[in-house]
Amino acid sequence: VPKPPLTHYRIDDKTFELLYPKAVIQERVTELAAILNQRFESKNEGRGPILMPVLTGALMFFGELVPLLHFGYEIAPIKISSYGSGMISGGLPAIPESHIPVGGRDIIILEDIVDSGNTAIALHAKLREQNCASVYFASLLFKPHAFKGTIRPDWAGFEIGDAFVIGFGLDYAERGRHLRGIYQLVAQPA
Ligand code: IMP
């Protein structure tokens, strides 16, 4: 018997409330998969695109998405973090080399969330510098009001407000990733 989703989750003195339950996330990921299938099925030859999930936050999104894809692809996860342990986005993060050479390839970056947009700028610049054929960018979540970047996601699962979110791979100081839904921080009285 499936358990009903938790409505709230606490980490230390912070309370997070349910924003999207797992069923709603699954439905949206299915729609995103259909869009990607339409785009890449017709070019289903050669080695296909390189899927580049950004670790660690995008793992659950990635795991939900890939079984729904109907085209050939290769996988090159990339580890980036710009947040450290807090809730404030830092500057431009350093981007490591992909273990699969990206020259001449189509890349699909898979992010958990686009916030300031700094990570996207740094990742895009690094991939372009290595002469990949094209860079597509899908993010499960997008915070349009916090966005100060230049590289918008081509596809976003949900546009959300500025509140910090956890769950479905997203963390607060490494906690909360395991939650099946997405939860947002409840503002505390001053
Ligand atoms: P950006 O570079 O500011 O766009 O932030 C990108 C990264 O910051 C994401 O990949 C996340 O790891 C992290 N991040 C941004 N907003 C949140 C949030 O609300 N919850 C958890 N992590 C976040």
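The structure presented is a predicted model; accordingly, all values stated were derived computationally and were not measured. (Residues numbered from 1 in each chain as written. Predicted model: local features only at pLDDT ≥ 70, side-chain atom pairs only at ≥ 80, totals over all residues. Heavy atoms only, no water.)

Student: What should I look at first to understand the packing of aromatic side chains in this one?
Tutor: Aromatic ring pairs are reported here in terms of the distance separating the ring centres and the angle at which the planes meet. With the rule as written, the count across this model stands at eight aromatic pairs. Taking 5.3 Å as the distance between ring centres and 40 degrees as the angle between the ring planes, the aromatic pair formed by F40 and F71 counts as tilted. Residue F40 is found in helix α1 (residues 22–41), and its partner F71 is found in the loop between α2 (59–65) and β4 (74–75); the two are separated by 31 residues along the sequence. Overall, the relative accessible area of 2% leaves F40 in the buried class. The class of F71 is buried, set by a relative accessible area of 6%. With a centroid separation of 5.8 Å and an interplanar angle of 15 degrees, the aromatic rings of Y136 and W155 are classed as stacked. With Y136 in strand β7 (residues 134–142) and W155 in strand β8 (residues 155–159), this residue pair connects regions lying 19 residues apart in the sequence. Take Y136 and W155: they sit in the same class, and that class is buried. Connected via pairs of aromatic rings, a cluster forms that spans F40, F71, Y73, Y136 and W155. (Phe/Tyr/Trp six-rings, centres within 6.5 Å; stacked < 30°, edge-to-face > 60°. Helix = DSSP H or I, 4+ residues; strand = E, 2+ residues; numbered from the N terminus. Buried < 20%, exposed > 50% of the residue type's maximum accessible area, 1.4 Å probe, protein only.)

Student: Mind showing me how you'd approach the sheet that holds strand β2 (residues 14–20) here?
Tutor: Across a sheet, paired strands are connected by hydrogen bonds in the backbone, their directions being either parallel or antiparallel. Taken together, four strands build an open sheet; the order of strands is β1-β2-β10-β9 and the sheet is antiparallel. Looking at the sheet topology across the chains shown, the edges are occupied by β1 (8–11) and β9 (165–166). Across four bridges, β1 lies against β2 in antiparallel orientation. Residue H8 lies in a different strand from β2, and its bridge partner there is E17. (Pairing = 2+ DSSP bridges.)

Student: Whenever I open this one, the environment of M52 confuses me. Can you help?
Tutor: Within the secondary structure, M52 sits in strand β3 (residues 50–55). Along the sequence, M52 and I108 sit 56 residues apart, while their C-alpha atoms lie 5.9 Å from each other.

Any link to function would need more than the numbers given here.
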